[in-house]
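A structural walkthrough
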Amino acid sequence: MIIKPKVRGFICINAHPAGCAANVQEQIDFVKSQPAVENGPKNVLVLGSSTGYGLASRITAAFGSGAKTFGLFFEKPPTERKPGSAGFYNAAAFEAKAKEAGLYAKSMNIDAFSNDAKQKAIDVIKADMGKIDLVVYSLAAPRRTDPETGEVHSSVLKPIGESYTAKNLNTDTLKISDITIDPASEEEIAGTVKVMGGEDWELWMNALSEAGVLAEGCHTTAYTYLGEKLTWPIYGKATIGRAKEDLDRAATSITEQLSGLNGKAYVSVLKALVTQASSAIPVMPLYISTLYKVMKEDGTHEGCIEQAYRLFTEGLYTQTPRLDDVNRLRMDDRELTPETQAKVEDIWPKVTEDNLFELTDYKGYNAEFLKLFGFGVESVDYEQDVSTLVEADFLS
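None of these values were measured; they are calculated from a predicted model. (Residues numbered from 1 in each chain as written. Predicted model: local features only at pLDDT ≥ 70, side-chain atom pairs only at ≥ 80, totals over all residues. Heavy atoms only, no water.)

The end-to-end C-alpha distance of helix H9 (residues 284-298) is 20 Å, a good match for the 21 Å that 15 residues give at a rise of 1.5 Å each. The element H9 is largely enclosed, with a buried count of 11 among its 15 residues. Structurally, H9 contributes buried residues whose contacts are with strand E9 (164-170), helix H7 (232-236), helix H11 (338-347), helix H12 (356-359) and helix H13 (362-371). With its phi angle positive at about 75 degrees, Gly 299 sits one or two positions after the end of H9. (Helix = DSSP H or I, 4+ residues; strand = E, 2+ residues; numbered from the N terminus. Expected span 1.5 Å × (residues − 1). Buried < 20%, exposed > 50% of the residue type's maximum accessible area, 1.4 Å probe, protein only. Contact = heavy atoms within 4.5 Å.)

Next up, the structure:
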(Lines give C-alpha, C1' and ligand atoms only; values in the text may rest on other atoms or scores of the structure.)
Protein backbone atom coordinates (compact mmCIF):
# COMPACT_ATOMS: atom_id res chain seq x y z
CA MET A 1 0.00 0.00 0.00
CA ILE A 2 0.97 3.67 -0.26
CA ILE A 3 1.36 5.04 3.26
CA LYS A 4 0.86 8.73 4.02
CA PRO A 5 1.09 10.30 7.49
CA LYS A 6 -2.09 10.48 9.56
CA VAL A 7 -1.58 13.05 12.29
CA ARG A 8 -4.02 13.37 15.17
CA GLY A 9 -3.09 16.10 17.60
CA PHE A 10 0.41 15.47 18.96
CA ILE A 11 0.72 11.94 17.58
CA CYS A 12 1.01 10.34 14.16
CA ILE A 13 -1.15 7.22 14.18
CA ASN A 14 0.71 5.36 11.45
CA ALA A 15 4.29 4.81 10.35
CA HIS A 16 6.25 4.09 7.19
CA PRO A 17 8.49 1.00 7.35
CA ALA A 18 10.97 2.13 4.70
CA GLY A 19 11.19 5.61 6.20
CA CYS A 20 11.83 4.23 9.68
CA ALA A 21 14.55 1.94 8.30
CA ALA A 22 16.17 4.88 6.47
CA ASN A 23 16.05 6.97 9.66
CA VAL A 24 17.82 4.19 11.58
CA GLN A 25 20.42 3.90 8.80
CA GLU A 26 21.11 7.64 8.97
CA GLN A 27 21.84 7.32 12.70
CA ILE A 28 24.08 4.30 12.14
CA ASP A 29 25.97 6.19 9.44
CA PHE A 30 26.54 9.10 11.81
CA VAL A 31 28.02 6.90 14.54
CA LYS A 32 30.21 5.05 12.04
CA SER A 33 31.54 8.41 10.80
CA GLN A 34 32.77 9.28 14.31
CA PRO A 35 35.75 7.91 16.24
CA ALA A 36 35.00 4.71 18.16
CA VAL A 37 33.86 5.13 21.76
CA GLU A 38 37.08 4.61 23.67
CA ASN A 39 36.77 2.01 26.45
CA GLY A 40 33.05 1.80 25.69
CA PRO A 41 30.55 -0.85 26.81
CA LYS A 42 30.51 -4.40 25.49
CA ASN A 43 27.27 -5.88 26.87
CA VAL A 44 24.37 -3.46 26.93
CA LEU A 45 20.75 -3.67 28.06
CA VAL A 46 18.51 -0.87 26.78
CA LEU A 47 15.08 -0.56 28.38
CA GLY A 48 12.95 1.43 25.94
CA SER A 49 15.15 0.87 22.89
CA SER A 50 12.78 1.47 19.98
CA THR A 51 12.55 5.26 19.65
CA GLY A 52 14.25 8.52 20.57
CA TYR A 53 17.15 8.52 22.99
CA GLY A 54 16.83 4.82 23.79
CA LEU A 55 17.21 3.85 20.14
CA ALA A 56 20.08 6.32 19.68
CA SER A 57 21.82 4.86 22.72
CA ARG A 58 21.53 1.34 21.36
CA ILE A 59 22.89 2.43 17.98
CA THR A 60 25.81 4.22 19.66
CA ALA A 61 26.66 1.20 21.82
CA ALA A 62 26.52 -1.23 18.91
CA PHE A 63 28.14 0.75 16.11
CA GLY A 64 30.35 3.00 18.24
CA SER A 65 31.64 0.37 20.64
CA GLY A 66 30.93 -2.98 18.98
CA ALA A 67 28.69 -3.92 21.89
CA LYS A 68 26.25 -6.76 22.15
CA THR A 69 22.86 -5.15 22.72
CA PHE A 70 19.60 -6.43 24.11
CA GLY A 71 16.62 -4.10 23.82
CA LEU A 72 13.16 -4.15 25.39
CA PHE A 73 10.13 -2.20 24.22
CA PHE A 74 6.35 -2.46 23.89
CA GLU A 75 5.36 -1.80 20.29
CA LYS A 76 2.45 -2.58 17.98
CA PRO A 77 3.27 -5.12 15.24
CA PRO A 78 1.92 -4.58 11.72
CA THR A 79 -0.86 -6.46 9.96
CA GLU A 80 -1.46 -6.77 6.25
CA ARG A 81 -3.93 -3.90 6.45
CA LYS A 82 -2.34 -1.64 9.05
CA PRO A 83 1.21 -0.46 9.60
CA GLY A 84 2.91 -1.28 12.86
CA SER A 85 4.19 1.42 15.19
CA ALA A 86 7.29 3.39 14.31
CA GLY A 87 9.12 1.76 17.20
CA PHE A 88 8.42 -1.70 15.80
CA TYR A 89 9.90 -0.75 12.44
CA ASN A 90 12.87 1.03 14.07
CA ALA A 91 13.72 -1.99 16.19
CA ALA A 92 13.39 -4.37 13.24
CA ALA A 93 15.67 -2.19 11.12
CA PHE A 94 18.26 -1.85 13.88
CA GLU A 95 18.34 -5.57 14.57
CA ALA A 96 18.72 -6.40 10.87
CA LYS A 97 21.56 -3.88 10.42
CA ALA A 98 23.34 -5.01 13.58
CA LYS A 99 23.27 -8.65 12.55
CA GLU A 100 24.39 -7.70 9.05
CA ALA A 101 27.41 -6.05 10.68
CA GLY A 102 28.14 -9.19 12.71
CA LEU A 103 26.89 -7.70 15.97
CA TYR A 104 24.81 -9.54 18.55
CA ALA A 105 21.37 -7.97 18.80
CA LYS A 106 18.22 -9.37 20.37
CA SER A 107 14.97 -7.60 21.17
CA MET A 108 11.95 -8.37 23.31
CA ASN A 109 8.51 -6.88 22.65
CA ILE A 110 6.96 -6.95 26.11
CA ASP A 111 5.65 -4.75 28.93
CA ALA A 112 9.02 -3.86 30.45
CA PHE A 113 7.35 -2.74 33.70
CA SER A 114 6.33 -6.34 34.46
CA ASN A 115 8.14 -8.90 36.61
CA ASP A 116 7.80 -11.34 33.72
CA ALA A 117 9.88 -9.06 31.50
CA LYS A 118 12.62 -8.83 34.10
CA GLN A 119 12.86 -12.60 34.51
CA LYS A 120 12.79 -13.28 30.76
CA ALA A 121 15.46 -10.65 30.16
CA ILE A 122 17.69 -12.17 32.83
CA ASP A 123 17.29 -15.60 31.22
CA VAL A 124 18.42 -14.22 27.85
CA ILE A 125 21.37 -12.37 29.40
CA LYS A 126 22.54 -15.50 31.21
CA ALA A 127 22.18 -17.65 28.11
CA ASP A 128 23.74 -15.30 25.57
CA MET A 129 25.54 -12.28 26.89
CA GLY A 130 27.50 -12.86 30.04
CA LYS A 131 27.49 -9.86 32.37
CA ILE A 132 25.98 -6.50 31.53
CA ASP A 133 28.27 -3.46 31.78
CA LEU A 134 25.71 -0.79 30.80
CA VAL A 135 21.99 -0.53 31.51
CA VAL A 136 20.17 2.33 29.76
CA TYR A 137 16.77 3.13 31.22
CA SER A 138 14.73 5.04 28.64
CA LEU A 139 11.17 3.83 29.20
CA ALA A 140 8.41 6.37 28.54
CA ALA A 141 4.73 5.55 28.94
CA PRO A 142 1.56 7.33 30.03
CA ARG A 143 0.73 4.63 32.55
CA ARG A 144 2.32 1.78 34.47
CA THR A 145 0.94 -1.28 36.18
CA ASP A 146 2.60 -1.91 39.55
CA PRO A 147 4.00 -5.45 39.21
CA GLU A 148 3.31 -6.26 42.86
CA THR A 149 -0.14 -4.78 43.45
CA GLY A 150 -1.58 -4.80 39.93
CA GLU A 151 -2.68 -1.19 40.39
CA VAL A 152 -2.53 0.95 37.26
CA HIS A 153 -0.96 4.38 37.76
CA SER A 154 -1.32 7.21 35.24
CA SER A 155 0.82 10.26 34.67
CA VAL A 156 -0.36 13.81 34.00
CA LEU A 157 1.27 16.93 32.57
CA LYS A 158 0.27 19.58 35.10
CA PRO A 159 1.84 22.29 37.23
CA ILE A 160 2.05 21.98 41.00
CA GLY A 161 0.54 24.43 43.47
CA GLU A 162 -1.20 26.87 41.14
CA SER A 163 -2.58 27.16 37.63
CA TYR A 164 -0.14 27.92 34.85
CA THR A 165 -0.90 30.15 31.86
CA ALA A 166 1.50 30.45 28.94
CA LYS A 167 1.74 30.90 25.21
CA ASN A 168 1.10 27.64 23.36
CA LEU A 169 1.19 26.49 19.76
CA ASN A 170 -1.58 24.16 18.59
CA THR A 171 0.29 22.00 16.09
CA ASP A 172 -2.98 20.88 14.46
CA THR A 173 -4.23 24.36 13.61
CA LEU A 174 -0.98 26.41 13.94
CA LYS A 175 -2.92 28.75 16.20
CA ILE A 176 -1.01 30.45 19.01
CA SER A 177 -2.94 31.32 22.14
CA ASP A 178 -2.60 31.27 25.89
CA ILE A 179 -3.26 27.94 27.54
CA THR A 180 -4.17 27.57 31.20
CA ILE A 181 -3.53 24.31 33.00
CA ASP A 182 -4.97 23.65 36.44
CA PRO A 183 -2.63 22.34 39.14
CA ALA A 184 -2.32 18.63 39.81
CA SER A 185 -3.90 16.96 42.82
CA GLU A 186 -1.73 15.05 45.29
CA GLU A 187 -3.04 11.81 43.77
CA GLU A 188 -2.02 12.93 40.28
CA ILE A 189 1.43 13.93 41.50
CA ALA A 190 1.91 10.54 43.17
CA GLY A 191 0.70 8.73 40.04
CA THR A 192 3.12 10.64 37.83
CA VAL A 193 6.02 9.81 40.13
CA LYS A 194 4.99 6.13 40.04
CA VAL A 195 5.01 6.11 36.24
CA MET A 196 7.90 8.43 35.41
CA GLY A 197 10.04 8.35 38.55
CA GLY A 198 12.85 6.03 39.55
CA GLU A 199 10.97 3.12 41.12
CA ASP A 200 10.98 0.85 38.07
CA TRP A 201 14.63 1.70 37.32
CA GLU A 202 15.46 0.54 40.86
CA LEU A 203 13.40 -2.63 40.44
CA TRP A 204 15.29 -3.48 37.26
CA MET A 205 18.68 -2.89 38.84
CA ASN A 206 17.69 -4.89 41.93
CA ALA A 207 16.59 -7.82 39.77
CA LEU A 208 19.75 -7.73 37.63
CA SER A 209 21.97 -7.44 40.70
CA GLU A 210 20.28 -10.29 42.54
CA ALA A 211 20.57 -12.46 39.42
CA GLY A 212 24.32 -11.82 39.31
CA VAL A 213 24.33 -10.54 35.72
CA LEU A 214 25.97 -7.14 36.30
CA ALA A 215 29.66 -6.70 35.50
CA GLU A 216 32.34 -5.17 37.68
CA GLY A 217 32.34 -1.41 37.09
CA CYS A 218 28.95 -1.42 35.39
CA HIS A 219 27.18 1.84 34.59
CA THR A 220 23.49 2.59 34.41
CA THR A 221 21.76 5.77 33.33
CA ALA A 222 18.24 7.12 33.12
CA TYR A 223 17.33 10.13 30.99
CA THR A 224 15.73 13.40 31.96
CA TYR A 225 15.20 16.96 30.78
CA LEU A 226 15.41 20.03 33.00
CA GLY A 227 15.22 23.04 30.71
CA GLU A 228 15.29 26.69 31.69
CA LYS A 229 13.02 29.53 32.73
CA LEU A 230 10.45 29.24 29.92
CA THR A 231 9.78 25.54 30.48
CA TRP A 232 10.16 25.28 34.26
CA PRO A 233 6.50 25.85 35.18
CA ILE A 234 5.23 22.96 33.03
CA TYR A 235 8.34 20.79 33.09
CA GLY A 236 10.81 21.32 35.89
CA LYS A 237 8.49 22.64 38.59
CA ALA A 238 5.54 20.42 37.69
CA THR A 239 4.42 16.80 37.93
CA ILE A 240 7.07 15.69 35.43
CA GLY A 241 9.69 17.56 37.40
CA ARG A 242 8.61 15.86 40.62
CA ALA A 243 8.99 12.50 38.90
CA LYS A 244 12.41 13.46 37.59
CA GLU A 245 13.48 14.46 41.11
CA ASP A 246 12.68 10.88 42.08
CA LEU A 247 15.19 9.75 39.45
CA ASP A 248 17.90 11.59 41.42
CA ARG A 249 16.87 9.72 44.56
CA ALA A 250 16.94 6.43 42.66
CA ALA A 251 20.38 7.13 41.18
CA THR A 252 21.83 7.62 44.65
CA SER A 253 20.17 4.44 45.90
CA ILE A 254 21.33 2.37 42.91
CA THR A 255 24.90 3.67 43.18
CA GLU A 256 24.98 2.54 46.82
CA GLN A 257 23.62 -0.84 45.77
CA LEU A 258 26.32 -1.18 43.08
CA SER A 259 29.17 -0.16 45.38
CA GLY A 260 30.31 -3.76 45.72
CA LEU A 261 30.84 -3.87 41.95
CA ASN A 262 32.32 -0.37 41.78
CA GLY A 263 29.33 0.51 39.62
CA LYS A 264 27.62 3.86 39.20
CA ALA A 265 24.16 5.15 38.38
CA TYR A 266 23.69 8.48 36.65
CA VAL A 267 20.77 10.62 35.66
CA SER A 268 21.69 12.06 32.26
CA VAL A 269 20.20 15.45 31.41
CA LEU A 270 19.67 15.78 27.67
CA LYS A 271 18.63 18.69 25.46
CA ALA A 272 15.12 19.49 24.26
CA LEU A 273 14.28 17.58 21.09
CA VAL A 274 11.23 16.54 19.13
CA THR A 275 10.20 13.19 20.55
CA GLN A 276 6.88 11.41 20.91
CA ALA A 277 6.95 12.43 24.57
CA SER A 278 7.94 16.10 24.21
CA SER A 279 5.36 16.77 21.49
CA ALA A 280 2.61 16.00 24.04
CA ILE A 281 3.77 18.60 26.56
CA PRO A 282 2.14 22.05 26.35
CA VAL A 283 4.57 24.90 25.56
CA MET A 284 7.29 22.50 24.33
CA PRO A 285 6.48 22.55 20.56
CA LEU A 286 6.82 26.33 20.45
CA TYR A 287 9.86 26.35 22.74
CA ILE A 288 11.60 23.64 20.71
CA SER A 289 10.79 25.39 17.42
CA THR A 290 12.35 28.59 18.78
CA LEU A 291 15.34 26.74 20.24
CA TYR A 292 15.98 24.97 16.93
CA LYS A 293 16.05 28.32 15.14
CA VAL A 294 18.65 29.70 17.53
CA MET A 295 20.85 26.61 17.78
CA LYS A 296 20.86 25.89 14.05
CA GLU A 297 21.88 29.47 13.30
CA ASP A 298 24.63 29.20 15.93
CA GLY A 299 25.82 25.80 14.67
CA THR A 300 25.15 24.10 18.02
CA HIS A 301 22.05 22.05 17.20
CA GLU A 302 22.12 18.30 17.87
CA GLY A 303 19.63 15.49 17.34
CA CYS A 304 19.14 12.32 19.38
CA ILE A 305 22.06 10.46 17.87
CA GLU A 306 24.52 13.34 18.30
CA GLN A 307 23.43 13.71 21.92
CA ALA A 308 23.72 9.97 22.58
CA TYR A 309 27.18 9.77 21.03
CA ARG A 310 28.34 12.77 23.07
CA LEU A 311 26.87 11.23 26.23
CA PHE A 312 29.00 8.13 25.68
CA THR A 313 32.20 10.00 24.78
CA GLU A 314 31.92 13.03 27.09
CA GLY A 315 29.89 11.51 29.92
CA LEU A 316 29.74 7.79 30.55
CA TYR A 317 33.14 6.81 29.13
CA THR A 318 35.57 9.54 30.03
CA GLN A 319 37.71 10.25 33.06
CA THR A 320 36.38 13.81 33.20
CA PRO A 321 32.57 13.61 32.85
CA ARG A 322 30.51 16.80 32.85
CA LEU A 323 28.69 16.53 36.19
CA ASP A 324 26.53 19.05 38.02
CA ASP A 325 26.31 19.57 41.77
CA VAL A 326 23.98 16.59 42.27
CA ASN A 327 26.07 14.24 40.13
CA ARG A 328 23.94 14.35 36.98
CA LEU A 329 25.65 14.01 33.61
CA ARG A 330 24.90 17.20 31.66
CA MET A 331 24.54 16.98 27.89
CA ASP A 332 22.22 20.01 27.76
CA ASP A 333 25.14 22.41 28.11
CA ARG A 334 24.80 23.90 24.62
CA GLU A 335 21.07 24.51 25.02
CA LEU A 336 21.51 26.22 28.37
CA THR A 337 24.28 28.66 27.55
CA PRO A 338 23.25 32.18 28.64
CA GLU A 339 23.62 33.37 25.04
CA THR A 340 21.29 30.70 23.64
CA GLN A 341 18.66 31.19 26.31
CA ALA A 342 18.79 34.97 25.95
CA LYS A 343 18.09 34.66 22.22
CA VAL A 344 15.18 32.27 22.85
CA GLU A 345 13.71 34.57 25.49
CA ASP A 346 14.02 37.53 23.13
CA ILE A 347 12.12 35.73 20.35
CA TRP A 348 9.46 34.14 22.58
CA PRO A 349 7.14 37.16 23.19
CA LYS A 350 7.41 38.26 19.55
CA VAL A 351 6.11 35.03 17.97
CA THR A 352 2.66 35.25 16.38
CA GLU A 353 0.74 33.10 13.94
CA ASP A 354 1.80 35.48 11.17
CA ASN A 355 5.55 35.26 11.80
CA LEU A 356 5.78 31.68 13.19
CA PHE A 357 7.78 30.40 10.22
CA GLU A 358 10.02 33.46 10.18
CA LEU A 359 10.95 33.74 13.86
CA THR A 360 11.05 30.04 14.70
CA ASP A 361 12.06 26.82 13.00
CA TYR A 362 8.59 25.30 13.14
CA LYS A 363 9.24 23.89 9.66
CA GLY A 364 12.19 21.97 11.09
CA TYR A 365 10.18 20.96 14.15
CA ASN A 366 7.39 19.54 12.01
CA ALA A 367 9.86 17.74 9.73
CA GLU A 368 11.51 16.11 12.75
CA PHE A 369 8.12 15.15 14.15
CA LEU A 370 7.11 13.39 10.92
CA LYS A 371 10.52 11.74 10.70
CA LEU A 372 9.86 10.05 14.04
CA PHE A 373 7.26 8.00 12.17
CA GLY A 374 9.31 7.42 9.03
CA PHE A 375 7.94 10.27 6.91
CA GLY A 376 9.85 13.00 5.10
CA VAL A 377 13.10 11.06 4.70
CA GLU A 378 14.74 12.27 1.50
CA SER A 379 15.91 8.85 0.31
CA VAL A 380 12.42 7.29 0.44
CA ASP A 381 9.87 7.34 -2.42
CA TYR A 382 6.55 7.77 -0.64
CA GLU A 383 4.57 7.22 -3.85
CA GLN A 384 5.82 3.66 -4.07
CA ASP A 385 3.80 0.70 -2.82
CA VAL A 386 5.30 -0.77 0.32
CA SER A 387 4.38 -3.80 2.39
CA THR A 388 3.38 -3.07 5.96
CA LEU A 389 4.81 -6.43 7.00
CA VAL A 390 8.44 -6.40 8.07
CA GLU A 391 10.23 -9.51 9.25
CA ALA A 392 11.20 -9.26 12.89
CA ASP A 393 12.34 -12.08 15.13
CA PHE A 394 11.50 -10.41 18.44
CA LEU A 395 11.23 -12.37 21.66
CA SER A 396 8.11 -11.98 23.76
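Further notes follow.
This part takes up the sheet that holds strand E3 (residues 43-47). If you trace the 7 strands from one edge of the open sheet to the other, you get E5-E4-E3-E6-E11-E12-E13, paired in parallel fashion. Two strands bound the open sheet, and with one partner strand each, they are strand E5 (105-109) and strand E13 (329-330). Relative to strand E11 (residues 214-224), strand E6 (residues 132-137) is paired through 5 bridges, and the arrangement is parallel. When the sheet's bridge partners are listed, Val 135 is paired in E11 with Thr 220. (Pairing = 2+ DSSP bridges.)

By size, the foremost hydrophobic cluster in this structure holds 85 residues, and its most contacted members are Ile 59, Phe 63, Phe 94, Met 284, Tyr 287, Ile 288 and Leu 316. Not counting chain neighbours up to four residues away, the residues in contact with Ile 288 comprise Ala 272, Leu 273, Val 274, Ser 278 and Tyr 365. The next biggest cluster of nonpolar side chains, apart from the first, holds 34 residues, and it includes Leu 47, Phe 70, Ile 122 and Met 205. (Core = buried A, V, L, I, M, F, W, Y, C linked by side-chain atoms within 4.5 Å.)

For the rest of this paragraph, the subject is a positive patch on the surface. Judged by side-chain charge, Lys 6, Arg 8, Lys 76 and Lys 82 come together as a positively charged surface patch. One can find Arg 8 in strand E1 (residues 7-8). (Patch = residues over 30% accessible without salt bridge, like charges linked within 9 Å, V, L, I, M, F, W, Y side chains within 5 Å. Areas by Shrake-Rupley, 256 points an atom, 1.4 Å probe, with all protein chains shown as cover. Salt bridge = Lys/Arg side-chain N within 4 Å of Asp/Glu carboxyl O. Lys, Arg positive; Asp, Glu negative; His and termini not counted. Charge placed at Lys NZ, Arg CZ, Asp CG, Glu CD.)

A word on the pairing of E9. Summarising burial for E9: 5 of the 7 residues are buried, a large majority. Taken together, the 7 bridges between E9 and strand E10 (residues 175-181) define a ladder with antiparallel strand orientation. In the sheet register, Asn 168 faces E10, and the bridge partner there is Ser 177. What sits between the antiparallel neighbours E9 and E10 is a turn of 4 residues, in which Leu 174 has the positive phi angle 60 degrees.

On to the pattern of salt bridges, then. Evaluated as defined, the whole model comprises 29 salt bridges. Residue Lys 293 pairs with Glu 297 through a salt bridge whose shortest N-O separation is 3.5 Å. In this pair, Lys 293 and Glu 297 both sit in helix H9, 4 residues apart, roughly one turn of the helix. The class of Glu 297 is exposed, set by a relative accessible area of 58%. One salt bridge in this structure joins Glu 302 and Arg 310, with 2.8 Å as the shortest N-O distance. Residues Glu 302 and Arg 310 agree in their burial class; the two are buried.

In a disulfide, the sulfur atoms of two cysteines are covalently bonded to one another. Under the definition given, this model contains 0 disulfides. The thiol of Cys 12 is unpaired, and the distance to the nearest cysteine sulfur, on Cys 20, comes to 9.4 Å. Owing to a relative accessible area of 5%, Cys 12 belongs among the buried residues under this scheme. (Disulfide = S-S within 2.5 Å.)

On inspection of all chains with the given rule, the structure shows 11 aromatic pairs. With a centroid separation of 6.0 Å and an interplanar angle of 65 degrees, the aromatic rings of Tyr 53 and Tyr 223 are classed as edge-to-face. In this pair, Tyr 53 sits in helix H2 (residues 52-65) while Tyr 223 sits in strand E11, placing the two residues 170 residues apart along the sequence. With a centroid separation of 5.7 Å and an interplanar angle of 85 degrees, the aromatic rings of Phe 357 and Tyr 362 are classed as edge-to-face. Among the aromatic residues, those joined into a ring-pair cluster are Phe 73, Phe 88, Tyr 89 and Phe 394. Its guanidinium or amino end placed over the ring of Tyr 104, Lys 68 lies 5.8 Å from that ring's centre, counting from NZ or CZ. The ring of Trp 232 has Lys 237 lying over it, and the distance from NZ or CZ to the ring centre is 5.7 Å. (Phe/Tyr/Trp six-rings, centres within 6.5 Å; stacked < 30°, edge-to-face > 60°. Lys NZ or Arg CZ within 6 Å of the ring centre and 35° of its normal.)

As a packed pair, H2 and helix H10 (residues 304-316) sit with axes 8 Å apart at the nearest point and diverge in direction by 55 degrees. With respect to H10, the axis of H2 lies oblique. Judged by the twist between their axes, the crossing of H2 over H10 is right-handed. Where H2 abuts H10, its residues Gly 52, Tyr 53, Ala 56, Ser 57, Ile 59, Thr 60 and Ala 61 lie against Cys 304, Ile 305, Gln 307, Ala 308, Tyr 309 and Phe 312. Residue composition of the contact of H2 with H10, by class: 9 nonpolar, 4 polar and no charged. (Axes fitted to C-alpha atoms, helices over the stretch in contact; angles between N-to-C directions. Parallel < 35°, antiparallel > 145°, perpendicular 65-115°, else oblique. Left-handed = near helix turned anticlockwise from the far one by under 90°. Nonpolar A, V, L, I, M, F, W, Y, C, P; charged D, E, K, R; others polar.)

We now examine the environment of Val 283. For Val 283, the location among the structural elements is in the loop between strand E12 (264-269) and H9. Spatially, the C-alpha atoms of Val 283 and Pro 233 are 9.9 Å apart, while their sequence positions differ by 50 residues. Setting aside chain neighbours within four positions, we find Val 283 in contact with Tyr 164, Ala 166, Lys 167, Asn 168, Leu 230, Ile 234 and Trp 348.

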